[in-house]
Amino acid sequence: MLSSSTQQQPQSLWLDTLNEPIHRRPSLESDISVDVAIVGGGFSGLWTAYYLLNYKPDIKVLVIESEYCGFGASGRNGGWCEGALAGSAEKYAKKSSISEAKRLEAEMFDAVDEVGRVVAKENINCGFIKSGFIKVARNQPQAKRQIDQIKSARINGYGEDVIRLLNREETITQLNASKVVSGIFFAPSATIDPARLVRGLAKTVENLGGEIVESTRAIKIDQNKVLTDRGLVKAEVIVQATEAYTRNLKGHKLDLLPVYSRMIATEPLNEKLIAEIGLANRPTFADERYIVIYGQLTEDNRIAFGAQGTPPYLYGSKIKENIETNDKSQESIHKTLIDLLPILRDSKITHHWGGVLAIPRNWLPGLHFDSRTGLGVLGGYVGEGVAAANLAGRTMSELILEHDTDRVTLPWVGAVSRRWEPEPLRWLGVRTSRRLMGSADLSETRSNKTSKSAMLIAHLLRGD
């Protein structure tokens with residue numbers, strides 16, 4: 001049974017604990033012309049605006065947000081600023097070469113540090129701490145996958161300064177989880193409060209001369225025009241940074257798959273509990289199961305923990321607010337947390353929330369900019385977008401301004417995916433694969449043998 005509290009809030013911990021209430025900015029008041037119109041006030045859109053204004057202070061940039069900055073995934077995610085992309089290096093290598101894929105990985109590592117540099121420079125207090133990422137293996141198949149990951153990393157030239165294997169004792173010291181066999185420590189990763197980052201970034205964009213309108217819904221993007229419910233925006237360049245909400249744009253319903261993930265947060269924990277759990281310096285944490293879980297120790301000593309919930313996807317790519325706080329899903333996530341960290345059994349849950357992330361059909365995040373039409377598109381991060389959005393936004397700004405940097409030739413630039421299948425194929429595919437992957441996790445736990453079907457399903461889903 002989900003531990004209850006009179007203070008339990010069905011909303012994002014991050015948004016609920018901001019130092020000041022969210023006051024929406026004015027909406028668009030009339031038709032307007034600008035140099036660059038950015039649709040979406042999340043990380044991707046705001047990072048694009050930030051770098052455009054840094055590179056060219058006199059450029060006229062308008063960010064168009066349907067709700068308020070941080071309403072979507074940017075204000076509700078797990079607070080992982082990880083130097084990794086959801087798309088595998090092998091798939092990017094197929095588009096280019098192994099050396100080019102490694103160059104992209106190196107830029108992703110640096111993106112974590114770049115976020116740290118910017119928040120320090122702009123005085124954005126978002127609790128940024130680069131303390132790495134702990135992933136535990138809790139059965140032999142998971143442990144074998146970790147050994148394979150380390151072998152692959154060494155082949156690609158990454159040493160223990162980037163990623164290292166931990167034995168059982170070392171892992172338990174880092175995260176005192178149940179059933180630990182081994183662990184991996186991945187260094188290029190930071191922990192943040194995502195709502196404070198996105199809200200601070202929005203203010204910084206305004207301080208640099210950018211304009212943000214909220215409560216303004218983009219209906220259609222046409223060549224050099226954005227039709228909104230508040231008026232028409234004309235621009236030489238338009239950037240589409242709408243992530244899972246891309247499905248709301250006319251003609252774009254099948255571009256990306258909106259999939260639900262949900263989170264819970266405990267009450268602040270006492271020092272004794274914190275000492276027993278570990279997580280010194282606040283690394284993010286997960287395990288090696290196929291159904292992804294993710295967590296962090298917050299600045300005020302809560303455990304914020306998430307996983308894919310039930311249902312993971314709604315028929316017709318619908319997005320419904322009441323689904324985001326589904327009680328059955330939150331119960332499931334709480335049980336998963338207690339299984340991982342039994343010591344939290346009596347800790348109260350104060351917040352539970354959810355949201356949608358975007359998955360492209362080939363599972364490859366990317367960006368592209370057409371200089372002829374002036375249209376740029378970025379996103380599809382498959383839930384790993386905090387650091388990736390920084391690199392994507394920085395690169396998009398350089399493409400727009402025709403800067404000849406190493407970033408504009410990275411192999412994820414120009415990456416496009418075919419559209420998702422029509423219904424009922426999408427719904428059946430997501431529901432079936434979720435059930436099979438969950439069964440594979442259960443099978444590996446019970447039998448201690450690798451599920452051969454799980455990787456086959458993953459390959460089929462990602463179009464490998």
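Notes on the structure follow. Given the structure is predicted, the values throughout are model-derived calculations rather than measurements.

A word on the state of the cysteines
Per the counting criterion, the structure on display carries 0 disulfides. The thiol sulfur of Cys-81 is not disulfide-bonded, and the nearest other cysteine sulfur, from Cys-126, lies at 8.4 Å. Cys-126 gets classed as buried once you look at its relative accessible area, which sits at 1%.

Side note on unusual backbone geometry
Cis geometry marks the peptide bond from Glu-423 to Pro-424; its omega dihedral reads 5°. With respect to the element layout, Pro-424 can be found in the loop between α10 (386–400) and α11 (425–447). Residue Asn-281 is not a glycine yet carries a positive backbone phi of 70°. Residue placement: Asn-281 occurs in the loop between α8 (271–277) and β13 (284–287). You will see that Arg-282, though not glycine, has its phi angle at about 60°, which is positive. Mapped onto the elements of the fold, Arg-282 is located in the loop between α8 and β13.

Points about the environment of Ile-293
You can see Ile-293 is positioned in strand β14 (residues 293–297). Classification of Ile-293 by relative accessible area gives buried; the value is 3%. Measuring from C-alpha to C-alpha, the distance between Ile-293 and Pro-312 comes to 13 Å, with 19 residues separating the pair along the chain. Each residue touching Ile-293, except ones within four places of it in the same chain, is listed here: Phe-285, Ala-286, Asp-287, Phe-305, Gly-306, Ala-307, Thr-336 and Leu-340.

Some details on the side chain of Ser-12
Along the polypeptide, Ser-12 turns up in the segment before α1 (13–16). Taking the relative accessible area as the measure of exposure, Ser-12 reaches 3% and is therefore buried. For Ser-12, the side chain forms a polar contact with the main-chain nitrogen of Trp-14, separated by 3.1 Å. In contact with Ser-12, other than residues within four places in its own chain, are Gly-75, Arg-76, His-351 and Trp-353.

Side note on helix α5 (residues 140–155)
With 16 residues, α5 should reach 22 Å at 1.5 Å per residue; the first-to-last C-alpha distance of 23 Å fits that figure. Those residues of α5 that sit buried are Pro-141, Gln-142, Ala-143, Arg-145, Gln-146, Ile-150 and Ala-153. Among the structural elements, β4 (133–137), β5 (163–166), β6 (182–186), β13 and α11 are those in contact with the buried residues of α5. The opening residue of α5 is Asn-139, an N-cap whose side-chain oxygen sits 2.9 Å from the backbone nitrogen of Gln-142. At the exit of α5 stands Gly-157, carrying a positive phi of roughly 90°.

Looking at the pattern of salt bridges
In the structure shown here, the tally under the stated rule is 27 salt bridges. Glu-214 is the partner of Arg-25 in a salt bridge, and the nearest nitrogen-oxygen pair spans 2.9 Å. Separated by 189 residues along the polypeptide, Arg-25 in the loop between α1 and β1 (32–39) and Glu-214 in the loop between β8 (211–213) and β9 (218–222) bring together distant segments of the chain. The shortest N-O distance in the salt bridge between Arg-426 and Glu-423 comes to 3.4 Å. As far as burial versus exposure is concerned, Arg-426 and Glu-423 are alike and both buried. Each of the salt bridges in this network shares a partner with another, and the network as a whole consists of Arg-138, Lys-179, Asp-287, Arg-289 and Asp-339.

Digging into the packing of helix α2 (residues 43–55) against helix α4 (residues 98–121)
In contact at an axis separation of 14 Å, α2 and α4 are set at 65° when each is read in the N-to-C sense. Judged by the angle between their axes, α2 and α4 are roughly perpendicular. Crossing of α2 over α4 shows left-handed handedness. Across the interface between the two elements, Trp-47, Tyr-50, Tyr-51 and Asn-54 from α2 touch Glu-114, Val-115, Val-118 and Lys-121 from α4. Of the residues in the contact of α2 with α4, the class split is 5 nonpolar, 1 polar and 2 charged.

Quick notes on the side chain of Thr-216
Topologically, Thr-216 is positioned in the loop between β8 and β9. Classification of Thr-216 by relative accessible area gives buried; the value is 1%. Setting aside residues no more than four positions away along its own chain, Thr-216 makes contact with Ser-27, Leu-28, Ile-64, Glu-65, Ser-66, Thr-228, Asp-229 and Arg-230.

Describing the pairing of strand β11 (residues 231–240)
Counting buried positions along β11 yields 7 of 10 residues, so the element is predominantly enclosed. Relative to β11, β1 is paired through 7 bridges, and the arrangement is parallel. Across the sheet, residue Ala-37 finds its bridge partner in β11, namely Ile-238. Where strand β10 (residues 225–228) and β11 come together, 4 bridges link them in antiparallel fashion. Across the sheet, the residue bridging to Lys-225 is Lys-234, located in β11. The hairpin turn running from β10 into β11, its antiparallel successor, is 2 residues long. Pairing of β11 with strand β18 (residues 375–379), which is carried by 3 bridges, proceeds in the parallel orientation. When the bridges of β18 are listed, Val-239 appears paired with Gly-376.

The rules behind these values
- Residues numbered from 1 in each chain as written.
- Predicted model: local features only at pLDDT ≥ 70, side-chain atom pairs only at ≥ 80, totals over all residues.
- Heavy atoms only, no water.
- Disulfide = S-S within 2.5 Å.
- Buried < 20%, exposed > 50% of the residue type's maximum accessible area, 1.4 Å probe, protein only.
- Helix = DSSP H or I, 4+ residues; strand = E, 2+ residues; numbered from the N terminus.
- Contact = heavy atoms within 4.5 Å.
- Polar contact = N/O pair within 3.5 Å; in protein donor to acceptor, adjacent residues only side chain to side chain.
- Expected span 1.5 Å × (residues − 1).
- Salt bridge = Lys/Arg side-chain N within 4 Å of Asp/Glu carboxyl O.
- Axes fitted to C-alpha atoms, helices over the stretch in contact; angles between N-to-C directions.
- Parallel < 35°, antiparallel > 145°, perpendicular 65-115°, else oblique.
- Left-handed = near helix turned anticlockwise from the far one by under 90°.
- Nonpolar A, V, L, I, M, F, W, Y, C, P; charged D, E, K, R; others polar.
- Pairing = 2+ DSSP bridges.

Note that every value here comes from positions in space, so none of it alone points to a role or purpose.
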